[in-house]
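Tertiary structure, described
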Amino acid sequence: MTETATKRTAIVPCANCGKLNRVDVARVDAHPSCGACQAPIHLDAPITLTDANFDKIVSGSEVPVVVDFYADWCGPCKAMVPVFTEFARRQRGQALVAKVDTDRSPAVSARFAIRSIPTLTLMRGGKEVARQVGAVPLAALEQMLQR
Ligand SMILES: [Zn+2]
């Protein structure tokens, strides 16, 4: 009983086939696999959100979601990659760490009025609760999650 009450799930896209899987974040070390293609689901790197899956993942996840809006041509975004990957590894099991390529997903980027990249948003229950514009150190990301 207690187990179901404390269970927190996240919606995670399969890196191999794109199917959205509901994953119990407390059990990420139990090697979850995709329900469609059986490929392993990893949560130790940022997951990729797109115009197509953004709402399903952000609204359907019971854990906070931190989203990095970036572009391949953006220097500060590239500098953020190792920081953000480390952040994802540390938040594994507690929050979902995700990225949106603003060139490939113009609709969601427009909806969030992304004018400068990188822009980092903290989403809870499908709503934006905090935003940070510009590259930031790991400590600032962790602080953002306290909000
Ligand atoms: Zn799959």
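Residues numbered from 1 in each chain as written. Predicted model: local features only at pLDDT ≥ 70, side-chain atom pairs only at ≥ 80, totals over all residues. Heavy atoms only, no water.

**Considering the nonpolar core**
Inclusion rule: Here, nonpolar core refers to any group of buried Ala, Val, Leu, Ile, Met, Phe, Trp, Tyr and Cys residues whose side-chain atoms link them within 4.5 Å. Residue exposure (1.4 Å probe, protein chains only): buried if accessible area is under 20% of the type maximum, exposed if over 50%, otherwise partly exposed. Numbering goes from the N terminus for both helices and strands, where a helix is a DSSP run of H or I of at least four residues and a strand is a run of E of at least two. What makes two residues a contact is simply this: any of their non-hydrogen atoms within 4.5 Å.
Counting residues in each nonpolar core, the largest one holds 32 residues, and the members touching the most others are Val12, Ile47, Leu49, Phe54, Val67, Phe69 and Leu96. Elements that contribute at least two residues to this core include exactly strand 1 (9-13), strand 3 (47-49), helix 2 (54-60), strand 4 (65-70) and strand 5 (96-101). Per element, the largest residue contribution to this core is 4 residues, and it comes from strand 4. Apart from residues no more than four positions distant in its own chain, Val12 is found in contact with Lys19, Leu20, Asn21, Val23, Ile41, Leu43, Ile47 and Leu96. Core analysis: the next-biggest nonpolar cluster, separate from the first, contains 15 residues, Val66, Met80, Ala95 and Ala130 among them.

**A few points about the layout of surface pockets**
We count it as follows: Site definitions follow a grid-based scheme: protein atoms alone, a 1 Å grid, a 1.4 Å probe that fits but cannot get out for cavities, and for pockets an open set with protein on both sides within 12 Å along at least five of seven lines, plus lining residues having an atom within 4 Å of a point. Grid points are joined across faces, edges and corners, and a volume is the space filled by probe spheres set on the points. Residues were grouped as follows: Ala, Val, Leu, Ile, Met, Phe, Trp, Tyr, Cys and Pro as nonpolar; Asp, Glu, Lys and Arg as charged; and all remaining residues, including Gly, as polar.
When its volume is computed, the largest pocket comes out at roughly 220 Å³. Around the largest pocket sit 14 residues that line it, and Pro13, Cys14, Ala15, Ile47 and Thr48 are the ones nearest its centre. Split into classes, the residues belonging to the lining of the largest pocket amount to 9 nonpolar, 5 polar and no charged. Approximately 170 Å³ is the volume found for the second largest pocket. Around the second largest pocket, the lining residues are Ala45, Pro46, Asp68, Tyr70, Ala71, Asp72, Cys77, Lys78, Val81, Phe84, Thr85 and Lys99.

**Considerations on the sheet that holds strand 5**
Rules: At least two bridges found by DSSP between two strands are what make those strands a pair. Axis definition: a line fitted to C-alpha atoms, over the contacting stretch in the case of helices. Angles run 0 to 180 degrees between N-to-C directions.
Taken in spatial order, the 5 strands line up as 3-5-4-6-7 in an open sheet, and their pairing is mixed. Across the chains shown, the open sheet's two edge strands, defined by having one partner strand only, are strand 3 and strand 7 (127-133). Averaged over all pairs of adjacent strands, the angle between their axes in this sheet comes to 30°, without regard to strand direction. Across 3 bridges, strand 3 lies against strand 5 in parallel orientation. Pairing of Thr48 across the sheet is with Lys99, part of strand 5.

**Some words on the pattern of salt bridges**
Side-chain pairs of opposite charge can arise whenever the charged atoms involved come near each other. Let me state the cut-off plainly: By definition, a salt bridge exists where a carboxyl oxygen of Asp or Glu is found within 4 Å of a side-chain nitrogen of Lys or Arg.
One pass over the full model with this rule turns up 8 salt bridges. One salt bridge in this structure joins Arg111 and Asp55, with 3.1 Å as the shortest N-O distance. Of this pair, Arg111 sits in helix 4 (residues 106-111) while Asp55 is found in helix 2, placing the two residues 56 residues apart along the sequence. Judged by relative accessible area, Asp55 falls into the partly exposed class, the value being 38%. Note that Arg90 is salt-bridged to Glu86, the shortest N-O span being 2.9 Å. Here Arg90 and its partner Glu86 are both found in helix 3 (residues 75-91), 4 residues apart, which amounts to about one turn of the helix. Take Arg90: its relative accessible area is 42%, and that puts it in the partly exposed class. According to the relative accessible area criterion, Glu86 is partly exposed, its value standing at 24%. Put simply, Glu86, Arg89, Arg90 and Glu142 are held in one network by salt bridges that share partners.

Such coordinate-based values are descriptive only and should not be taken to indicate function.
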